[in-house]
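Each chain, letter by letter, is given below.
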Amino acid sequence: MIHVIAFYLFAVLTVASGAITILARNPVHSVLWLILAFFNAAGLMVLVGAEFIAMLLVIVYVGAVAVLFLFVVMMLDIDFAELRAGFVRYFPFGALVALVLLAEIVLGIGAYRAGALHLGTPDGTAATPVGASNIEAIGALLYSRYLFLFESAGIVLLVAMIGAIVLTHRQRSDTRGQNVRKQNMRRPDEATVNVRPEVGKGVQL
Amino acid sequence: MTSFFQSLGMSYEWAWGLSTICGILLIALPLMLSVAMIIYADRKIWAAMALRRGPNVVGPFGLLQSFADGLKVFLQETIVPSAANKGIFLIAPVVTFTVALMAWAVIPFNSNGVLANINVGLLYVLAISSLGVYGTIMAGWASNSKYPFFSAMRASAQMISYEVSIGFILICVVLWSGTFNLNGIVMAQKGHVFGIINGFVANPLLFPMWVMFLISGMAETGRAPFDLTEAESELVAGYQTEYSSMAFAAYWLGEYANVLLMCALNATLFWGGWLPPLDIPFLYIVPGFVWFLLKVLFFFFVFSWVKATVPRYRYDQLMRLGWKIFLPTSLLFVVIVSGYLMATGHFA
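Residues numbered from 1 in each chain as written. Chains lettered and ligands numbered in written order. Predicted model: local features only at pLDDT ≥ 70, side-chain atom pairs only at ≥ 80, totals over all residues. Heavy atoms only, no water.

Undergrad: So what's going on with the overall build of chain B? Residues and values would help.
TA: Within chain B, the secondary structure is distributed over 12 helices and zero strands. A globule of 348 residues ought to have a C-alpha radius of gyration of about 20 Å, and chain B, at 21 Å, matches this closely. With the principal axes as the frame, chain B shows a C-alpha extent of 65 × 60 × 40 Å. The burial tally for chain B puts 51% of its 348 residues in the buried class. For chain B, contacts bridging at least 24 residues in sequence account for 74% of all contacts bridging at least 6. Surface accessibility of chain B: about 15500 Å² in total, with carbon and sulfur atoms responsible for 72%. (Helix = DSSP H or I, 4+ residues; strand = E, 2+ residues; numbered from the N terminus. Rg over C-alpha atoms; globule rule 2.2 N^0.38 Å. Buried < 20%, exposed > 50% of the residue type's maximum accessible area, 1.4 Å probe, protein only. Contact = heavy atoms within 4.5 Å. Areas by Shrake-Rupley, 256 points an atom, 1.4 Å probe, with all protein chains shown as cover.)

Undergrad: Which residues make up the nonpolar core, and what values go with them?
TA: Residue and element names in this part refer to chain B. Ranked by internal contacts, the top residues of the largest apolar core, which has 113 residues, are Trp104, Tyr134, Phe213, Leu269 and Phe270. With 15 residues, the top contributor of residues to this core is helix H5 (residues 121-142). Those residues in contact with Phe213, other than ones at most four positions away along the chain, are Ile166, Ile169, Leu170, Met262, Leu265, Asn266, Leu269 and Phe270. (Core = buried A, V, L, I, M, F, W, Y, C linked by side-chain atoms within 4.5 Å.)

Undergrad: Run through the packing of aromatic side chains, naming residues and quoting values.
TA: The final tally for this structure, using the stated rule, is 24 aromatic pairs over all chains. Considering the side-chain rings of Tyr143(A) and Phe150(A), the 5.2 Å spacing of their centres and the 75° angle between planes classify their relative orientation as edge-to-face. Using a relative accessible area of 53% as the deciding quantity, one classes Tyr143(A) as exposed. Aromatic pair Tyr162(B) and Phe226(B): ring centres 6.1 Å apart, planes at 45°, arrangement tilted. Here Tyr162(B) is found in helix H6 (residues 146-177), whereas its partner Phe226(B) is found in the loop between helix H8 (207-220) and helix H9 (232-235), with 64 residues between them in sequence. Given the relative accessible area of 0%, Tyr162(B) is considered buried. Linked through ring pairs, Phe207(B), Trp210(B), Trp271(B), Phe298(B) and Phe299(B) together constitute an aromatic cluster. (Phe/Tyr/Trp six-rings, centres within 6.5 Å; stacked < 30°, edge-to-face > 60°.)

Undergrad: Let's hear about the environment of Tyr112(A): which residues, and what values?
TA: All names here are of chain A. Looking at the element boundaries, Tyr112 is found in helix H5 (residues 87-114). Owing to a relative accessible area of 70%, Tyr112 belongs among the exposed residues under this scheme. Separated by 71 residues in the primary sequence, Tyr112 and Ala41 place their C-alpha atoms 23 Å from one another.

Undergrad: Outline a nonpolar patch on the surface, listing residues and values.
TA: A surface patch of nonpolar side chains, amounting to about 480 Å² of accessible area, comprises Val286(B), Phe289(B), Val290(B), Leu293(B), Leu294(B) and Leu297(B). Along the chain, Leu294(B) falls in helix H11 (residues 288-309). (Patch = residues over 30% accessible without salt bridge, like charges linked within 9 Å, V, L, I, M, F, W, Y side chains within 5 Å. Salt bridge = Lys/Arg side-chain N within 4 Å of Asp/Glu carboxyl O.)

Undergrad: An account of the interface of chain A and chain B is needed here, citing residue identities and associated values.
TA: In this complex, chain A contributes 25 residues to the contact, which on the side of chain B involves 27 residues. Summing the contributions of chain A and of chain B, the shared interface buries around 2300 Å²; its carbon and sulfur component is 80%. The largest per-residue losses of area from chain A upon contact with chain B belong to Met55(A), Phe71(A) and Met74(A), which jointly make up 23% of the total buried on that side. At the junction of chain A with chain B, the criterion picks out zero salt bridges. Scanning the region where chain A abuts chain B turns up four residue pairs in polar contact (both at pLDDT 80 or more). Contributions of two or more residues to the side of chain A that touches chain B are made by helix H2 (27-47), helix H3 (51-75) and helix H8 (180-185) of chain A. The element contributing the most residues to the side of chain A that touches chain B is H3(A), with 13 residues. Its residues assigned to classes, the side of chain A that touches chain B shows 18 nonpolar, six polar and one charged. (Buried area = accessible area lost by both parts, 1.4 Å probe. Polar contact = N/O pair within 3.5 Å; in protein donor to acceptor, adjacent residues only side chain to side chain. Nonpolar A, V, L, I, M, F, W, Y, C, P; charged D, E, K, R; others polar.)

Undergrad: Break down the pattern of salt bridges for me, citing the residues and quoting the values.
TA: Counted by the stated rule, this structure contains eight salt bridges over all chains. Of the charged contacts, one joins Asp174(A) and Arg172(A) as a salt bridge, the two residues approaching to 3.7 Å between their closest N and O atoms. The exposed category is assigned to Asp174(A), whose relative accessible area is 64%. With its nearest N and O atoms 2.9 Å apart, the salt bridge here joins Arg312(B) to Asp227(B). Here the residue Arg312(B) occupies a position in the loop between H11 and helix H12 (315-343), and Asp227(B) occupies one in the loop between H8 and H9, the gap between them amounting to 85 residues. You can call Arg312(B) partly exposed: its relative accessible area is 32%. Salt bridges linked by common partners bring Asp42(B), Arg223(B) and Lys307(B) together as one network.

Undergrad: I'd love a proper account of unusual backbone geometry, names of residues and values included.
TA: Residues and elements named next belong to chain B. At Phe61, a residue that is not glycine, the phi angle is positive and equals roughly 55°. With respect to the helices and strands, the residue Phe61 is situated in the loop between helix H2 (12-49) and helix H3 (65-75). Even without glycine at this site, Ser245 takes up a positive phi of about 55°. Checked against the element boundaries, Ser245 lands in helix H10 (residues 245-270). Overall, the relative accessible area of 2% leaves Ser245 in the buried class.

Undergrad: Tell me about the domain arrangement of chain A, and please be specific about residues and values.
TA: Under the domain assignment used here, chain A contains domain 1 (1-78), domain 2 (80-116) and domain 3 (135-169). One C-alpha centre belongs to domain 1 of chain A, the other to domain 3 of chain A, and the line joining them spans 24 Å. (Domains from an automatic or database assignment.)

Undergrad: For H2(A), give the residues involved together with the corresponding values.
TA: All names here are of chain A. Relative to the 30 Å expected for 21 residues at 1.5 Å per residue, H2 spans 30 Å between its end C-alpha atoms, a close match to the ideal helical length. Looking at H2, one finds that the buried residues are Val28, Ser30, Val31, Leu32, Ile35, Ala37, Phe38, Asn40, Ala42 and Gly43. Of the residues trailing H2, Gly49 is marked for its positive phi of about 90°. (Expected span 1.5 Å × (residues − 1).)

Undergrad: Go over the packing of H2(A) against H5(B), please, and point to the residues and values.
TA: Axis separation between H2(A) and H5(B) bottoms out at 13 Å; the angle between their running directions is 165°. It follows from the interaxial angle that H2(A) and H5(B) lie roughly antiparallel. Both H2(A) and H5(B) take part in a crossing whose hand is left-handed. Side by side, H2(A) and H5(B) meet where Val28(A), His29(A), Leu32(A), Ile35(A) and Phe39(A) of the first sit next to Leu131(B), Tyr134(B), Met138(B) and Trp141(B) of the second. (Axes fitted to C-alpha atoms, helices over the stretch in contact; angles between N-to-C directions. Parallel < 35°, antiparallel > 145°, perpendicular 65-115°, else oblique. Left-handed = near helix turned anticlockwise from the far one by under 90°.)

Undergrad: If you had to explain the confidence of the model for chain B to someone new, which residues and values would you point to?
TA: Looking at chain B, pLDDT values average 86 and 99% of them are 70 or higher. Under the prediction, the complex receives an ipTM of 0.81, its pTM being 0.84. (pLDDT = per-residue confidence, 0-100.)

Undergrad: Give a detailed account of helix H1 (residues 2-23) of chain A, specifying residues and quantitative values.
TA: An α-helical turn contains 3.6 residues, so any two residues separated by three or four positions project in the same direction. Residue and element names in this part refer to chain A. Between the first and last C-alpha of H1 there are 31 Å, a value that for 22 residues agrees with the 32 Å anticipated at 1.5 Å per step. Within the sequence span of H1, burial applies to Ala6, Ala11, Thr14, Ser17 and Thr21. Down the axis, H1 shows its buried residues gathered within 145° of arc, on one side only. Exposed and facing more than 90 degrees away from the buried side of H1 are Tyr8, Val12, Val15, Ile22 and Leu23. On the buried face of H1, the contacting elements are H2. (Arc of directions from axis to C-beta.)

Listed below in structure tokens is the structure:
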């Protein structure tokens, strides 16, 4: 009973906040609704017993990705009048995209009705070991059977990170950086000097 | 507690629901009370280190000062700036306050004194603390004011930076204890060093991790010396500048609840949680709850001590410490710790 209530609560909230993400006029509100959608999706994950995936969803998507979205959107100065001005011009293209998506959904439902695709024979090698927790089960698979895929995914991410740094990095000559080592090495006796100026005379530094 | 309610003739669902609500109240109400008292303690410690008296007028020794402040704030008028984004402006303090309370669900106060004894307890703490950023960003943006916005940007950049190294530090702890369950982590520390000291902190490989965790915790909660989010000299009062009355109090309480949470995490992850410091039978006569509380209060004293004695960091120093020192060091220690554990056959 409580499962059903929780499922419908999370599911309705996910779908509703997903819809409002698109419908909201203010882009910042959009991102906040998106975060609510992520959060409720994590709730759904907990319900199917994938608590590890749920926590990762919150940590990665809510805690990192959505924060970056929010940063970018807050920094943008979006002019809504200008956005709406292009509506008529881009309408045919938008309609085309919508049509393609509709066709894909119809095709997908048709294929689902026709029966499942045969991808391989289930031999039990990928099954969750009985009694193991989520994390142990994922780790056992990730570090044995899918080790190569796991490591290559890591290398792809590393390449992406280096690429982003290379693309955005620029040498600037007009700024003065801090030399922290030099600052830390500085001692009080070389930074200050005690003088006793005579009355009516200035100090020569 | 569920079985107690079931013995009163309730069905399992009702008993479970009622016991959960009781558990939440049992944690949240004393937590609020201790936050009020800890604010008083913080001010007293700070005053003592500055050779001042601190709050000493309301009640005996000024003990009721926090309640007087609370009452004052409660009776004030809530002002919403006319240019503010009203909905988000009002939701933001609620988010901060709720998130500060939520993480306490998995903190073990005793061997069985934990509201939700879940397998992914540590990940849950990380997930919830990563939500804390939103209360800050939303407040800064919704205020529609220059300084709160600057402060919110600073605060979120700071929190995200230090969360990365905290993640790596926690991986070291998890590698050694072999579980994400916080009670499991506490039990793994029983007699950890020489079979007599309870706590990862005495382990030479994990001691540097604890030092980094303590400092990262201060940065994560925005405590001095990392309180750049509310640097009065440049940012008025930080992201909560436009807030007044109860909304401001929600930030205030949430901040201190977060500090207490960091102290509790320090105690649980590195200092043996509710275990006594030494694995000697007669020390177990003292209830685990008392040991846990003593450790939390000790860490809170350390936090206050640092606040009273260390000058504020510059922002570039803060970022340098997080990204160029803590991140590589914690990554190195993940490699060292896992290598050591593999070499000694810990996982066999």
